[in-house]
Amino acid sequence: MQLRLLCALATAAALAPPAPRVASTPKRLKTRRILADDIVLYAKGDELEGDAKVGSAGFRQLVGFRGAADTEDEPLWKIRIQLTKPGTWVPLIWGVACGAAASGNYRWPFLSGTLSEGAEDFAKAATCMVLSGPFLTGFCQTINDWYDKDLDAINEPYRPIPSGRITEEEVFQQVYFLLFGGLALAFGCDVWAGHDIIANPLNSVGFLACFGALVSYLYSAPPYKLKAEGWRGSFALGASYIALPWWCGQAMFGKVGEGAAGGELTPPVVVLTVLYSLAGLGIAIVNDFKSIEGDRELGLKSLPVAFGIDGAKYICAGLIDVTQIAVAAYLFAIGLQTYALVLGLLIAPQIWAQTQYLLKDPVKYDVKYQGTAQPFLVFGILTTALAVSQHPAALA
């Protein structure tokens, strides 16, 4: 599923307008960033509070977490990995797994299929995950970092672009490699699955990847830059974490031409996952708390800027909780009481984590909150996916 999301994210970069000019020979200075028109900003230090410091500074740097090391001399391959933010691949990869589960067609060796069938399905899932993670999420993060270089110079000056450790040419080499490589892999998945992408475009991994790429471009690049406005930007990000990868995984494993009964992606499932993405909107708000200073300075209307930290933290918690409670109620109403109960049990520890971390100080405890609450959120998504696989008639 996650794969789908990232798959989709890749196409937009090709549509990007000419990139702003950067200095031709950026200097490798620890807190300097080379900006458009050769303006040099001196960014603030990268000191973090409390448990925002997770793992070593070098580890945070490599995976794209806040509070990374600000180093000067690193090989280009390592800088390229940093640009793709591997730490953000995980939820999208999980989303692909949920989509595969929702299809009801994933075959486990010796449990629901033979060894060869299980190996084939594992290979399909792994391919989708590589597509959604390294390729399309990597594309999304790279293009986003390029268009966020001014903001990162304030909030995260150690990132590869604001620190001047990678050139404009090298950035766009990476953008196009990940974009076109991801799209080729996505349409290759359609061939592998036997999809008729003209007759049933909703179940085309390639078309979903193109849609995701377009969303990615609109999210990051001017003049559209969805992220500049809190509600639409946060929802676009939330849907990319939940709905798009789910669609991708379900499209890959649905039985071609059999509709809901064969586990194919259907419009009702699309609606359900889009609504579930309201919870993802809440998670996106959590990610905005750490950037509030830079958002204010650059005039971005994130929800923490628009409503203040206190207002935004309650909006965030409400969206996450109410969305999941509504889904649990829906599952109960269509006769899937066991799944509804499991989802309810997974919501309870999230509410506890909100009272302990999110509602106390969302800036200081953002990492600890997500580390505590998100495992229960993602298992709730998987629970819903399994429920969909058991009740296809309700979502035909």
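Residues numbered from 1 in each chain as written. Predicted model: local features only at pLDDT ≥ 70, side-chain atom pairs only at ≥ 80, totals over all residues. Heavy atoms only, no water.

> Can you help me understand the overall build of the chain in this one?
When its secondary structure is counted, the chain shows 14 helices and 2 strands. For the chain, the share of sequence-separated contacts (at least 6 apart) that also reach a separation of at least 24 residues comes to 74%. Within the structure as shown, the chain displays about 16100 Å² of accessible surface, and the carbon and sulfur contribution to it stands at 66%. (Helix = DSSP H or I, 4+ residues; strand = E, 2+ residues; numbered from the N terminus. Contact = heavy atoms within 4.5 Å. Areas by Shrake-Rupley, 256 points an atom, 1.4 Å probe, with all protein chains shown as cover.)

> Which parts of the structure should I look at to understand the nonpolar core?
The biggest cluster of nonpolar side chains holds 78 residues, and the ones touching the most others in it are Val-171, Val-205, Trp-246, Trp-247, Ile-285 and Tyr-369. Counting residues in hydrophobic clusters, the runner-up holds 6 residues, among them Val-215, Tyr-219, Leu-226 and Leu-237. (Core = buried A, V, L, I, M, F, W, Y, C linked by side-chain atoms within 4.5 Å. Buried < 20%, exposed > 50% of the residue type's maximum accessible area, 1.4 Å probe, protein only.)

> Would you take a moment to explain the pattern of salt bridges for this structure?
When the charged atoms of two side chains with opposite charge come close together, those side chains can pair. Under the counting rule described, the total for this entry stands at 11 salt bridges. Lys-124 is paired through a salt bridge with Glu-120; the nearest N and O atoms lie 3.9 Å apart. One end of the pair is Lys-124 and the other is Glu-120, both in helix α5 (residues 115-147) and 4 residues apart, which spans about a single turn. A salt bridge links Asp-310 to Lys-313, with the shortest nitrogen-to-oxygen separation between them at 3.3 Å. (Salt bridge = Lys/Arg side-chain N within 4 Å of Asp/Glu carboxyl O.)

> I'm lost on the state of the cysteines in this one. Help?
Think of a disulfide as a covalent bridge from one cysteine sulfur atom to another cysteine sulfur atom. Under the defined criterion, the tally for this structure stands at 0 disulfides. The thiol of Cys-189 is not disulfide-bonded; the next cysteine sulfur, from Cys-128, is found 4.3 Å away. Its relative accessible area of 1% is what places Cys-189 among the buried residues. (Disulfide = S-S within 2.5 Å.)

> Please clarify how the packing of helix α4 (residues 89-103) against α5 should be interpreted in this entry.
The relative placement of two packed helices comes down to the angle between their axes together with the axis-to-axis distance. Packing of α4 against α5 brings their axes to within 9 Å, and their N-to-C directions diverge by 145 degrees. Our pair here, α4 against α5, has a crossing hand that is right-handed. Packed against α4, whose contacting residues are Trp-89, Leu-92, Ile-93, Val-96 and Ala-97, the element α5 presents Cys-128, Met-129, Ser-132, Gly-133, Pro-134, Thr-137 and Gly-138 at the interface. Classifying every residue of the contact of α4 with α5 gives 8 nonpolar, 4 polar and no charged. (Axes fitted to C-alpha atoms, helices over the stretch in contact; angles between N-to-C directions. Left-handed = near helix turned anticlockwise from the far one by under 90°. Nonpolar A, V, L, I, M, F, W, Y, C, P; charged D, E, K, R; others polar.)

> I'm lost on the packing of aromatic side chains in this one. Help?
For the structure shown, the criterion picks out 12 aromatic pairs. Taking the centre distance of 6.3 Å and the plane angle of 65 degrees together, the rings of Tyr-217 and Tyr-224 count as edge-to-face. On the basis of relative accessible area, Tyr-217 is assigned to the buried category, the value being 7%. Above the face of the Trp-146 ring, Lys-149 is positioned so that its terminal group lies 4.0 Å from the ring centre. (Phe/Tyr/Trp six-rings, centres within 6.5 Å; stacked < 30°, edge-to-face > 60°. Lys NZ or Arg CZ within 6 Å of the ring centre and 35° of its normal.)

> Can you walk me through unusual backbone geometry in this structure?
Glycine aside, negative phi is the norm for most residues, and most peptide bonds take the trans geometry. Geometrically, the link from Pro-222 to Pro-223 is a cis peptide bond, its omega value of 5 degrees lying close to zero. Relative to the helices and strands, Pro-223 is located in the loop between α8 (205-220) and α9 (230-253). At Lys-225, a position not held by glycine, the phi torsion is positive, near 35 degrees. On the accessibility criterion, Lys-225 (14% relative accessible area) is buried.

> Just checking my understanding: could you explain the confidence of the model for the chain for this structure?
For any part of a model where pLDDT is low, the fine detail of the predicted coordinates should not be relied upon. Summarising the model, the chain shows a mean pLDDT of 81, and 81% of its residues fall at 70 or more. In this model residues 1-52 is a low-confidence stretch, pLDDT under 50, and it forms 217 contacts with partners more than four residues away in sequence or in other chains. (pLDDT = per-residue confidence, 0-100.)

> Sorry if this is basic, but what is going on with the environment of Thr-338 here?
Along the chain, the position of Thr-338 falls in helix α13 (residues 337-358). Thr-338 gets classed as exposed once you look at its relative accessible area, which sits at 60%.

> Just checking my understanding: could you explain the environment of Gln-250 for this structure?
Tracing the chain through its elements places Gln-250 in helix α9. Residue classification places Gln-250 among the buried positions, given a relative accessible area of 1%. In this structure, the C-alpha to C-alpha distance between Gln-250 and Ala-97, residues 153 residues apart in sequence, is 8.6 Å. Leaving out residues up to four positions away in the same chain, Gln-250 has contacts with Gly-99, Ala-100, Ala-102, Ser-103, Gly-263, Glu-264, Leu-265 and Val-269. Polar contacts involving the side chain of Gln-250 include one to the main-chain carbonyl oxygen of Glu-264, which spans 3.3 Å. (Polar contact = N/O pair within 3.5 Å; in protein donor to acceptor, adjacent residues only side chain to side chain.)

> Even after reading the chapter, I still don't get α8, so can you show me in this structure?
Note: α-helices contain 3.6 residues per turn, so residues at a spacing of three or four share the same orientation. Helix length check: α8 (16 residues) gives 23 Å between terminal C-alpha atoms against 22 Å at 1.5 Å per residue, within 8%. The complete set of buried residues in α8 reads Val-205, Gly-206, Leu-208, Ala-209, Gly-212, Ala-213, Val-215, Ser-216, Tyr-217, Tyr-219 and Ser-220. (Expected span 1.5 Å × (residues − 1).)

> Looking at this structure, how should I read the side chain of Lys-227?
With respect to the secondary-structure elements, Lys-227 resides in the loop between α8 and α9. Given the relative accessible area of 16%, Lys-227 is considered buried. Leaving out residues up to four positions away in the same chain, Lys-227 has contacts with Asn-144, Asp-148, Tyr-219, Ser-220 and Gly-233.

> Help me out: how do you make sense of α13 in this one?
When the terminal C-alpha atoms of α13 are compared, their 30 Å separation across 22 residues agrees well with the 32 Å that a helix rising 1.5 Å per residue should span. Listed in full, the buried residues belonging to α13 are Ala-340, Leu-343, Leu-346, Ile-347, Gln-350, Ala-353, Gln-354, Tyr-357 and Leu-358. Projection of α13 onto a plane perpendicular to its axis shows the buried side chains occupying an angular sector of 135 degrees, all on one side. Opposite the packed face of α13, turned more than 90 degrees from it, sit the exposed residues Thr-338, Leu-341 and Leu-345. (Arc of directions from axis to C-beta.)

> What exactly am I supposed to notice about a nonpolar patch on the surface here?
Taken together, the side chains of Val-271, Leu-275 and Leu-278 present a nonpolar region at the surface, about 240 Å² in accessible area. By the element assignment, Leu-275 lies in helix α10 (residues 267-289). (Patch = residues over 30% accessible without salt bridge, like charges linked within 9 Å, V, L, I, M, F, W, Y side chains within 5 Å.)

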